[in-house]
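Results of the structural survey
So the chains spell out like this:
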Amino acid sequence: MAKKVVRVGSGSAWWGDRVEPARLNAERGALDYLCFETMAEATVSAAQVRARRDPTFPGYDTYLDDRMRAVLPGCRRNGTRIVSNQGWINPTGAAARIVELLRELGHRGVKVAAVEGSLITDRVLQLTDRILENGQPTATLAPSLISAEVYLGAEPIVEALKAGADIVVTGRVADPSIFMAPLMFEFGWDPLDHARLGLGNGLGHLLECGAQVTGGYFPDPGFKDVPEPWNLAFPIAEVSEDGTAVITKVAGTGGAVTLQTVKEQMLYEVHDPANYLTPDVVVDFTTARLEQLGPDRVKVWGISGKPRTPTLKVSIGCTEGFIGEDMFFYAGPGALRRAQLAKRVLEERFRIVGLQAEDLRIDFLGLNAIHGAATPADAPEPYEVAVRVAARTKTKEEAVKVGREVDGMAVSGIAHTGKRVPHQDRTREVIGVWSSLVPREKVPATVTYLES
Amino acid sequence: MKVKLQHVAHARSGDKGDTSNIAVFAYAPELYPLLVEQLTAERFKAFYGGAIRGEVLRYPVEALHAINFVCHGALGGGVSRSLCLDNYGKSLSAAVLGFELEVPDALAPKLVNLPARA
């Protein structure tokens with residue numbers, strides 16, 4: 001008998017990701033599981049803010065319909081199950097919407113599970129003690145608290161799969177765990193088997209950023225070239241029961257799966273590579289082994305694990321004021337000297353209008369707006385420069401001053417000033433994100449089931 | 001010979017809160033010891049000028065011929081608070097490609113895209 005191989009593919013790496021590669025994986029990936037990651041650090045808080053202001057906002061991925069319409073036909077035809085964190089602050093609502101879409105497409109009797117339990121806004125101040133970033137009591141966040149959510153692990157998803165769910169939709173779950181849950185279920189891995197779970201969440205980490213392992217965020221002409229970087233596929237892992245895996249992608253697509261792309265993704269957003277903390281296990285990447293088996297096929301094995309920690313990470317979103325920003329332009333000989341005088345004018349104007357800012361940046365885009373203080377002193381003078389100004393303030397009224405003073409540069413500014421027509425007030429709200437820890441037994445997840 | 005890091009290694013940065021991790025990967029196993037010897041945490045931090053306000057921790061990973069630099073205070077207070085246009089710092093990893101290394105001439109064939117010498 002051939003050894004069992006489970007094929008897990010990626011459907012998205014973030015909320016704004018492309019939809020076409022997900023459809024391609026659903027139709028041509030021969031997948032057992034298609035998994036979606038759609039949340040960033042501030043996604044839950046931003047969704048809470050929007051839900052308060054807009055009662056019609058359902059609280060799940062705004063691209064839920066687009067993504068599901070693209071993949072449901074292929075997934076149903078190929079017997080591919082779906083695991084997705086598109087539930088955001090309303091997993092049950094997302095599950096209900098998926099049921100509607102399934103019926104619309106003529107698929108009856110499909111079981112959809114919703115994993116709830118991540119949101120703990122109402123009790124976070126009782127359940128947590130200290131803010132990890134600054135050691136202060138989490139109670140100090142009470143006046144500005146928007147929302148708090150626990151990073152759940154793979155276990156509630158496994159529970160849903162065991163109960164026969166074809167589609168599992170969650171709120172906040174640690175990104176790698178979304179991709180590992182199918183492996184735990186298929187191979188019957190024990191939640192405390194840290195050796196296997198280490199490999200599983202290590203593979204999950206390779207898949208969670210989608211195209212970042214198949215040639216995205218990678219090409220550098222002359223140094224790291226890949227074919228057709230406009231036509232990237234999302235990755236697929238072929239995982240064997242013994243824990244070895246092959247990272248690959250659908251044939252005929254652009255990009256590449258190489259030792260270089262896999263290595264870069266392995267350390268992406270990792271701190272200590274021997275101790276990558278996840279809710280399920282502590283992953284050790286320092287024992288990883290890689291081998292290029294053929295074109296776009298990299299074998300991965302040897303990633304190891306250590307026992308999970310007794311706590312889960314909590315992410316706490318808070319209102320933290322506003323950012324006002326705008327930019328205007330110079331070009332031609334002397335562009336930089338005019339930009340420098342414009343900077344001086346703005347600094348004086350902000351003094352005159354009494355701008356109260358917690359942080360203020362006036363940069364020259366084209367010279368130092370991206371790398372800031374890391375810009376080499378001998379960087380060449382650019383032909384074109386944008387003066388880009390941004391301030392973080394406590395109130396919206398203060399943030400508005402940034403755009404208003406840039407407006408003044410139109411007729412009261414420097415020679416040869418290029419400017420856009422003002423659009424709105426050029427401010428946005430800041431949601432600060434803090435972290436804390438909660439004992440895992442205090443935050444049980446619940447699973448509910450719907451059927452199309 | 002003096003060579004910019006871009007010919008010796010490739011790099012990728014990632015974000016978590018106010019911390020950027022910048023991982024540097026040798027193009028060939030033979031080049032990895034050069035990174036370990038010459039790209040110290042102190043030199044790395046100094047090369048980024050004032051852009052990294054906190055501590056830089058350095059994690060060599062022999063199995064990947066890579067070094068991970070964990071840079072605290074590099075993202076303007078955190079992705080959502082940052083006033084930088086590139087608030088995730090995804091372009092930060094490019095800066096270190098300009099770091100100069102001393103490379104033995106014998107390793108020249110291992111370097112990537114080295115311009116022909118005049």
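Residues numbered from 1 in each chain as written. Chains lettered and ligands numbered in written order. Predicted model: local features only at pLDDT ≥ 70, side-chain atom pairs only at ≥ 80, totals over all residues.

1. A closer look at the domain arrangement of chain A
Which entries qualify depends on this criterion: Those domain boundaries reflect an automatic or database domain assignment.
Taken domain by domain, chain A consists of domain 1 (5–117 + 152–309) and domain 2 (316–433). Of note, the centres of domain 1 of chain A and domain 2 of chain A, computed from C-alpha atoms alone, are 39 Å apart.

2. Looking at unusual backbone geometry
Residue and element names in this part refer to chain A. Put simply, the rule is: Strands here are runs of E lasting at least two residues and helices are runs of H or I lasting at least four, both read from the DSSP assignment and numbered beginning at the N terminus.
Of note in the backbone geometry, Glu228 takes a positive phi value of approximately 40 degrees without being a glycine. For Glu228, the location among the structural elements is in the loop between helix H8 (194–207) and strand S7 (236–240). Of note in the backbone geometry, Glu269 takes a positive phi value of approximately 60 degrees without being a glycine. Mapped onto the elements, Glu269 comes out in the loop between helix H9 (259–266) and strand S9 (276–277).

3. Observations regarding the pairing of strand S3 (residues 19–26) of chain B
Residues and elements named next belong to chain B. Note the threshold: Partly exposed residues are those whose C-beta has more than 12 but fewer than 20 other C-beta atoms within 10 Å; with 20 or more the residue is buried, with 12 or fewer it is exposed, and the C-beta atoms are placed from the backbone. Each pair of strands is called paired provided DSSP finds at least two bridges between the two strands.
Counting buried residues along S3, 8 of its 8 residues qualify, which places the element largely inside the surrounding structure. Residue alternation in S3 divides its side chains into two sets, Thr19, Asn21, Ala23 and Phe25 and Ser20, Ile22, Val24 and Ala26, and both sets are buried. Where strand S2 (residues 9–16) and S3 come together, 8 bridges link them in antiparallel fashion. Counterpart to Lys16 in the pairing with S3 is Thr19. The antiparallel pairing of S2 with S3 creates a hairpin that spans 2 residues between the two strands, and Gly17 there sits at a positive phi of about 60 degrees.

4. Considerations on the packing of helix H1 (residues 20–28) of chain A against helix H3 (residues 64–78) of chain A
Residues and elements named next belong to chain A. How we decide: Axes, fitted as lines to C-alpha atoms, cover a helix only where it is in contact. Angles between the N-to-C directions of the axes lie from 0 to 180 degrees. Angles below 35 degrees are treated as roughly parallel, those above 145 as roughly antiparallel, those between 65 and 115 as roughly perpendicular, and all remaining angles as oblique. Here the contact rule is simple: place C-beta atoms from the backbone, and any two residues whose C-beta atoms are within 7 Å are in contact. Classes in brief: Ala, Val, Leu, Ile, Met, Phe, Trp, Tyr, Cys and Pro nonpolar; Asp, Glu, Lys and Arg charged; the others, Gly included, polar.
The geometry of H1 relative to H3 is characterised by a closest axis approach of 7 Å and an angle of 10 degrees between their N-to-C directions. It follows that H1 is roughly parallel to H3 by the angle criterion. The segment H1 lies against H3, with Ala22, Arg23, Ala26 and Glu27 engaging Arg67, Ala70, Val71, Gly74 and Cys75. Residue classes in the contact of H1 with H3 are distributed as 5 nonpolar, 1 polar and 3 charged.

5. Regarding the interface of chain B and chain A
The interface is formed by 34 residues belonging to chain B together with 41 residues belonging to chain A. Counting only elements with at least two residues in the side of chain B that touches chain A, the list comes to S2, S3, strand S4 (56–61) and strand S5 (66–71) of chain B. Top contributing element to the side of chain B that touches chain A by residue count: S2(B), with 5 residues.

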